[in-house]
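Spelled out from the first residue to the last, the chains are:
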Amino acid sequence: MKADVLLGLQWGDEGKGKIVDVLTSKYDIIARFQGGPNAGHTLEFDGIKHVLHTIPSGIFHKRSMNIIGNGVVIDPIIFENEINEIDKLDVEMSDLLISKKAHLILPTHKLLDAASEKAKGKNKIGSTLKGIGPTYMDKTGRNGLRVGDISDKNFTEKYEKLKNKHIQLLNFYDFNYKLEELEQKWFDSLDTLKRFPHIESEHFIHKSIKDGKKILAEGAQGTLLDIDFGSYPFVTSSNTITAGACTGLGIAPNKIGEVIGIFKAYCTRVGSGPFPSELFDEIGARLAKIGNEFGSTTGRARRCGWIDLPALKYAININGVTQLNMMKADVLSGLETINVCTHYMLDGNKIDYLPFEDNENLTPVYTELKGWDKDLMHISSLDEAPQEVHDYIAYLEKELETPISIVSVGPDRKQTFFR
Ligand code: GDP
Ligand code: IMO
Ligand code: MG
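These lines cover the structure that appears in this document, whether it is placed above or below. Please read all numbers here as calculations on a predicted model, not as lab measurements.

What to know about the overall build of the protein chain
So, step 1. Broken down by element type, the protein chain carries 11 helices and 20 strands.
So, step 2. Against the 2.2 N^0.38 benchmark of 22 Å for 419 residues, the protein chain shows a C-alpha radius of gyration of 21 Å, consistent with a compact globule.
So, step 3. Each of the three principal axes of the protein chain carries a C-alpha extent, and together these read 65 × 50 × 40 Å.
So, step 4. Across the 419 residues of the protein chain, 57% fall into the buried class.
So, step 5. The long-range fraction of contacts in the protein chain, counting pairs at least 24 apart against all pairs at least 6 apart in sequence, stands at 76%.
So, step 6. For the protein chain, the exposed surface amounts to about 18300 Å²; the carbon and sulfur share of it is 50%.
So, step 7. On the protein chain, the mean spot of the 50 positive side-chain charges and the mean spot of the 58 negative ones are 4 Å from each other.

Right, here's the structure in full:
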């Protein structure tokens with residue numbers, strides 16, 4: 001049995017959490033492979049609205065097993081809050097296993113994130129300030145602390161050593177900070193992390209694949225935030241792409257099955273960086289309002305724009321996407337026309353790819369399609385959708401050369417149509 005991968009094709013917040021939750025009944029194991037609490041994955045079902053940051057989105061299905069993989073970075077304080085929030089709900093949580101190789105976000109990683117952003121001034125990345133960049137820097141710099149280290153008798157010593165290095169860096173940045181209270185909270189929260197089995201998740205996954213178990217790898221962020229292929233430096237610090245599922249869980253490339261690419265019927269971005277099809281007019285404001293486009297982790301307003309085909313084609317190629325899921329089609333309802341960015345103009349030339357340079361200076365070239373009036377949120381099957389919706393889907397499938405297997409018309413589990 002091969003493992004399937006589900007990931008975002010734009011700049012994050014495509015609706016990954018919702019679809020993982022919808023699909024979990026078809027899988028035995030849901031495993032997060034990268035990122036950390038910079039993610040905010042929203043699930044809505046039975047009148048409950050819930051946002052997950054580190055915990056996989058299969059957690060509300062009794063039968064499923066959830067794994068936080070080695071590629072994820074964990075803040076024990078945020079993890080504890082997440083567990084407490086789940087405990088408050090009247091829903092049983094399914095099993096959760098954590099890789100011993102997942103790295104820990106220290107309080108000083110968060111301070112370093114803030115110090116680095118402050119030092120960048122107007123060129124800041126717009127980080128979620130969860131300590132993601134500094135933690136992955138320590139991972140690749142071979143200095144990090146991992147979940148498996150918590151039970152080591154020298155854990156406190158290792159912690160102090162890394163912390164002291166961070167303090168030197170904070171002094172270099174001339175950054176003011178308060179650490180004691182945060183540090184105490186961090187150590188206290190390790191108890192919650194210890195409540196869950198710490199495992200060598202790659203072995204568990206290999207055995208599960210051999211035993212014919214169905215695995216879904218859940219991505220965080222989106223392809224255009226990938227450290228290698230995203231709009232660098234305005235990216236996150238991990239590989240958000242299919243290859244990230246291989247390194248972040250220990251799944252061999254030839255054991256990857258379906259790759260499900262999620263995209264919004266339009267486009268959003270939160271934080272700094274180029275966004276060629278961004279709208280600064282009343283249509284952009286309308287998409288933000290109807291789409292309720294505020295960050296699930298930071299509450300920041302998301303920038304909105306038209307769908308961007310060159311960027312989507314790039315993401316499909318890099319990830320080897322085999323099927324697409326189109327999210328938030330309902331948000332386009334009521335528009336007379338819908339624009340689709342098919343090319344960019346750069347220095348008077350028409351191009352159909354994202355160039356290395358001058359991403360800030362791309363002018364989108366649009367094709368105009370007919371919009372629709374009907375509110376899609378209340379339809380009970382795609383047959384009830386106006387012809388223009390079907391035309392939009394058919395146009396995208398043709399341009400992207402990939403089938404759209406799911407269309408989503410609202411945040412709830414039920415507002416999901418399979419094709
Ligand atoms: P993720 O990070 O990819 O999991 O996405 P987020 O949860 O950050 O953002 C997606 C937002 O859109 C959430 O508030 C979802 O509840 C909401 N959502 C998901 N699918 C749909 C949809 O089809 N229509 C509408 N209107 N909202 C949706
Ligand atoms: P989900 O999984 C949207 C963005 C930040 C910033 C950049 C770097 O919910 O889709 P970082 O905190 O990683 O140093 O921030 O990446 N970003 C996200 N944007 N959705 C996310 O996750 C994001 N995670 C990080 O806004 O621009
Ligand atoms: Mg999100």
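What about the pattern of salt bridges?
So, step 1. In total, this model carries 21 salt bridges according to the counting rule given.
So, step 2. A salt bridge links Glu85 to Lys88, with the shortest nitrogen-to-oxygen separation between them at 2.9 Å. In this pair, Glu85 and Lys88 are both assigned in helix α2 (residues 76-88), 3 residues apart and thus about one turn of the helix distant.
So, step 3. Of the residues examined, Glu85 reaches a relative accessible area of 38% and is grouped as partly exposed.
So, step 4. A salt bridge links Lys328 to Glu293; the nearest nitrogen and oxygen atoms lie 3.0 Å apart. With Lys328 in the loop between β15 (323-327) and β16 (337-346) and Glu293 in the loop between α9 (282-290) and β13 (303-305), the pair connects residues that are 35 residues apart, well separated along the chain.

Looking at the site of ligand 2
So, step 1. Every one of the 20 residues lining ligand 2 counts as a neighbour, but Asp13, Lys16, His41, Thr128 and Thr236 are closest to it.
So, step 2. Separating an oxygen atom of ligand 2 from a backbone N or O atom of Gly126 is a distance of 3.3 Å.
So, step 3. The side chain of Arg300 places a nitrogen or oxygen atom 2.9 Å from an oxygen atom of ligand 2.
So, step 4. When isolated, ligand 2 has an accessible area of 550 Å², and the protein chains bury 97% of it.
So, step 5. When its residues are assigned to classes, the shell around ligand 2 shows 7 nonpolar, 10 polar and 3 charged.

Some details on the pairing of strand β5 (residues 65-68)
So, step 1. The pairing of strand β2 (residues 29-32) with β5 spans 4 bridges and is classified as parallel. Counted as the bridge partner of Ile30 is Asn66 from β5.
So, step 2. Two elements, β5 and strand β7 (residues 95-99), share 4 bridges in a ladder whose sense is parallel. Bridge pairing in β7 links Ile67 to Leu97.

So, the site of ligand 1
So, step 1. The environment of ligand 1 is formed by 21 residues, the closest being Lys16, Thr42, Ser296, Asp330 and Ser408.
So, step 2. Ser408 has a polar side-chain atom sitting 2.5 Å from an oxygen atom of ligand 1.
So, step 3. Considered on its own, ligand 1 offers 590 Å² of accessible surface; in the complex 95% of this is hidden by protein.
So, step 4. Judged by its atoms lying within 2 Å of the grid points, ligand 1 is housed in the second largest pocket.
So, step 5. Of all the secondary structure elements, the ones that give two or more residues to the shell around ligand 1 are α1 (16-23) and β3 (41-45).
So, step 6. Across the shell around ligand 1, the residue classes tally to 5 nonpolar, 8 polar and 8 charged.

Quick look at the sheet that holds β15
So, step 1. Pairing within the open sheet is mixed, and its 10 strands lie in the order β9-β7-β5-β2-β10-β1-β11-β15-β19-β20. The outermost strands of the open sheet, each flanked by one partner alone, are β9 (198-199) and β20 (416-418).
So, step 2. Where β15 and strand β19 (residues 404-408) come together, 3 bridges link them in parallel fashion. Paired with Met326 across the bridge in β19 is Val407.

What counts as what
- Residues numbered from 1 in each chain as written.
- Chains lettered and ligands numbered in written order.
- Predicted model: local features only at pLDDT ≥ 70, side-chain atom pairs only at ≥ 80, totals over all residues.
- Heavy atoms only, no water.
- Helix = DSSP H or I, 4+ residues; strand = E, 2+ residues; numbered from the N terminus.
- Rg over C-alpha atoms; globule rule 2.2 N^0.38 Å.
- Buried < 20%, exposed > 50% of the residue type's maximum accessible area, 1.4 Å probe, protein only.
- Contact = heavy atoms within 4.5 Å.
- Areas by Shrake-Rupley, 256 points an atom, 1.4 Å probe, with all protein chains shown as cover.
- Lys, Arg positive; Asp, Glu negative; His and termini not counted.
- Charge placed at Lys NZ, Arg CZ, Asp CG, Glu CD.
- Salt bridge = Lys/Arg side-chain N within 4 Å of Asp/Glu carboxyl O.
- Near = heavy atom within 4 Å.
- Polar contact = N/O pair within 3.5 Å; in protein donor to acceptor, adjacent residues only side chain to side chain.
- Nonpolar A, V, L, I, M, F, W, Y, C, P; charged D, E, K, R; others polar.
- Pairing = 2+ DSSP bridges.
- 1 Å grid on protein atoms, 1.4 Å probe; cavity = no way out; pocket = protein on both sides within 12 Å on 5 of 7 lines; lining within 4 Å.
- Sits in = over half its atoms within 2 Å of the grid points.

Keep in mind these values describe shape, not function.
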